[in-house]
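# Fold and geometry: a report
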Amino acid sequence: MDAMAAIKQTFFQECEEQLAELESGLLAIEGGQSDLETINAVFRAVHSVKGGAGAFHLDDLVGFAHIFETTLDHVRGGKLAPTPELLKTMLRSADVLADLVRAARDGGTVEEGRKKALADELARWSGGSGGAPAAEEAAAEEEDSLAGLNFVPIQITEDDVDFSGAAPDAGNTFKVSFKPHRALYAKANDATLILRELSSLGTAEIVCDESQLPKLGELDPEEAYLIWNITLNTEKDEQAVREVFEFVDTDCDLTVEKADPPGAADVDIAALIRQATEAAAPAEAEPAAAAPAPTPAAASAPANAAASGDHPAAGGKGDAGIAVTAQTTIRVDLDRVDRLADLVGELVINQAMLAQRITEGNHGKASSASVALDELEQLTREIQESVMAIRAQPVKSVFQRMPRLAREVATLTGKSVRLIMDGEGTEVDKTVIERLADPLTHMIRNAIDHGLESPEKRRAAGKSEEGTVRLSAMHRSGRIVIEVADDGAGINRARVKQIAIDKGLIPADAQLTDDEVDNLIFLPGFSTASTVSNISGRGVGMDVVKRSVQALGGRISITSVPGKGSTFAMSLPLTLAVLDGMVVTVADQTLVVPLTAIVETLQPKQADVHGMGGDSRVIAIRDRFVPLVDVGQVLSYRYEAADPMTRVALLVETEGGARNALLVDAIQGQRQVVIKSLEANYGRVPGIAGATILGDGRVALIVDVDAVVADARGDVYRDPGLAMAS
Amino acid sequence: MSTTILTVDDSRTMRDMLMLALTDAGYRVVQAEDGVHGLEVLRNEMPQVVITDINMPRMDGFGFIENVRKSDKHRAVPILVLTTESDAEKKDRARRAGATGWIVKPFDPVKLVNAIRRVSGVAA
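Before going into details, it helps to say that this report is about the structure given with it.

### Some points on the overall build of chain A
- In terms of regular secondary structure, chain A is built from 26 helices and 22 strands.
- Out of the 726 residues belonging to chain A, those deemed buried represent 44%.
- At a minimum sequence separation of 6, the contacts of chain A that also span at least 24 residues come to 69%.
- Carbon and sulfur atoms provide 52% of the accessible area of chain A, an area that totals close to 36,300 Å².

Written out as structure tokens, the structure reads:
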């Protein structure tokens, strides 16, 4: 029982894989990739689900999968062209199939009407006349599989009852003539076994007809020469008798005739079987042993010589053809990988400590200790990358949920949407993937609900009625960038600004660039939908998306072109465990600034720095004024504004693309650091993203660039004389 | 030594179910995930019976059977085809490829063991 429960669990896991395969296959076909292999893979997926479901008597699932499979079989056989309309039906059917699987697993139900509607639709495609033919077919199959169960009706007639007292074996008598063909033996069937099976039905008298057996010299060991004539006395009916020959009925001459019961059928069954076995033995043993072809037979039977000459060649070819190494995978508990990752983190810290000691010990760069340390560093980095690679997974697992979401949102909004996905194979840390689903879901919903126009509006604007949403992932300079782009109307900036003013998010007279207006939608409490739809609504705004992306150490930005559409781009770290950082000094504290945020570093010149009233200052960098943010002041290490001239400025870019210059006291160097959560070990500190342990064993805080900039910008906000411009 | 049976099926569920039913019946079971893999396994194994699925990636059941029948070492092994398709066409094609018999999925363990006995004459 437990074993079955475990298998059932495997089945549901496998179903998820098959469903994913099904969906991506259907999407590939929709995208024009309708080669036979793709269609076969799709067919196999549904077929496997059906096969497993049958074993667990999940009848709803089997029924629907069967109808689906029938339609797919038509496509596979070329009887049905995979038109866009058919694919739409099939994609929605895949959704229903997924729901049925989940209902079977979690104990829910699937709306009968929806299932029925799609089943009918599928049946129309394959049958042409509603659900009836498919249903009949399913029923036919069921009957067939029942037949396969070998429930053999026992015929009891009054005659039998009368007769039973006299002879217990009495019933029907059959005259069976059985002449195996050469093919019967070639398929590894065995006349002996068939005769034995037949004898088990009752009492049998088996006579071997050897009349066609040639002389030994002319005998072809692979040919079939023997004929058996059997008189069978059994309680079973003719169907049961024929069933014995089920596997071989096309490979033999078989006649089964019902005869009158014999007077006395006192036959020694055991002797008969022995006799039959002996008779059959030479005929069946020889083909089996034909591999080391006996030379006389080979010499005397040219046909056979040719055949056995062929075999080694064919076998050799087969062997060469199957020299494909199977991909081996193991399943490992995630905890173990995490433990390994943690240990590697400790190793990195330890190595940094060792490096520090060696430096302190005043060994030269060329000393053997330093050289060994270099090698250790190299190794550590490789180990670290390997561990990260174990945790890395393609984003496909999240992406593949999106087509369904897109279809559902499209249906709810009455829009026509085509979702194009790129770069599903892009790999990123498992933790990042898990936390990607929510923001991505919301972004797709948003793109369809708010981004795309209604078909009527699109037509009026001279666009195709079907809107396009493109979801893509790519690696870019050590980060993963995920974009959601729609070809809708773009952001209505006037309206967005008005809403922000109405909601008191910005002053009425604020002067904003287009970029800044676009970024308003990320502000908490902003929602462009005048009526909260049940799609994008649900109390989730883009601010929540932004926050979850930031929590992952990522940034989100938007670019929008009126009439052409909007693109949201998330840029995320590949792993949450390690960070390339710039180690800096601020007010005698060592801090780490994520390298990805830094555009360049520069030495401020007196002439470039300008006061803006209060503590606010800007710095001119190549004809642009950029706010100068004193990190020491923002993090409250000091109260007085520091003198920029003796310090260093880091030009950073925030997620919105806005540039700021962070003022720090000095740069110590660039280093890969292992991120330790400050929240988990201490508590949340504004402006700080996390912590790390340095080579000397001290804790260094990792600066949250966006938060520091926002904090500094907040100061500017409070200054009524200035717009919120960054 | 107990009777060895090779099962070839791309579905983990089906492989597990076959494994359970066959080991319960006392057989030794070796598994393969598709036709190509099955042929690889056959290089080192000498099963008394082979049970194979039809729809599989890389090499389907038909191709697998044809290859086994071409091999000097294994061409006399009884091969049972596992199929949900009970229509005559599939059975016929399996038979033309050289299958010894078939089992209709979902299978009943008793029926499975019966079919094995029927084509091989050996109990576990």
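### Here we look at the packing of aromatic side chains
- This structure, assessed with the given rule, holds seven aromatic pairs over all chains.
- With 5.2 Å between their ring centres and 50° between their planes, A:Phe11 and A:Phe12 make a pair best called tilted.
- By relative accessible area, A:Phe11 is classed as buried at 2%.
- On the basis of relative accessibility, which here comes to 8%, the residue A:Phe12 falls in the buried class.
- An aromatic cluster is built from A:Phe11, A:Phe12 and A:Phe56, whose rings are joined through pairwise contacts.
- It is B:Arg118 that lies over the ring of A:Phe247; its NZ or CZ is 5.0 Å from the centre.

### Some remarks on helix H17 (residues 402-413) of chain A
- The end-to-end C-alpha distance of H17(A) is 16 Å, a good match for the 16 Å that 12 residues give at a rise of 1.5 Å each.
- Once H17(A) finishes, A:Gly414 follows within two positions and takes phi at roughly 70°, a positive value.

### Overview of the nonpolar core
Residues and elements named next belong to chain A.
- If you look at the biggest cluster of nonpolar residues, it comprises 108 residues, and the most contacted ones within it are Leu 22, Phe 68, Phe 178 and Ile 230.
- Taken together, domain 1 (2-148) and domain 2 (167-298) each give at least three residues to this core, which thus spans both.
- Contacts of Phe 68, omitting those with residues within four sequence positions, involve Leu 22, Leu 26, Val 46, Met 90, Ser 93, Ala 94, Leu 97 and Leu 122.
- Grouped together as the second largest cluster of nonpolar side chains are 49 residues, Leu 436, Val 469, Ala 473 and Leu 572 included.

The rules behind the values
- Residues numbered from 1 in each chain as written.
- Chains lettered and ligands numbered in written order.
- Predicted model: local features only at pLDDT ≥ 70, side-chain atom pairs only at ≥ 80, totals over all residues.
- Heavy atoms only, no water.
- Helix = DSSP H or I, 4+ residues; strand = E, 2+ residues; numbered from the N terminus.
- Buried < 20%, exposed > 50% of the residue type's maximum accessible area, 1.4 Å probe, protein only.
- Contact = heavy atoms within 4.5 Å.
- Areas by Shrake-Rupley, 256 points an atom, 1.4 Å probe, with all protein chains shown as cover.
- Phe/Tyr/Trp six-rings, centres within 6.5 Å; stacked < 30°, edge-to-face > 60°.
- Lys NZ or Arg CZ within 6 Å of the ring centre and 35° of its normal.
- Expected span 1.5 Å × (residues − 1).
- Core = buried A, V, L, I, M, F, W, Y, C linked by side-chain atoms within 4.5 Å.
- Domains from an automatic or database assignment.

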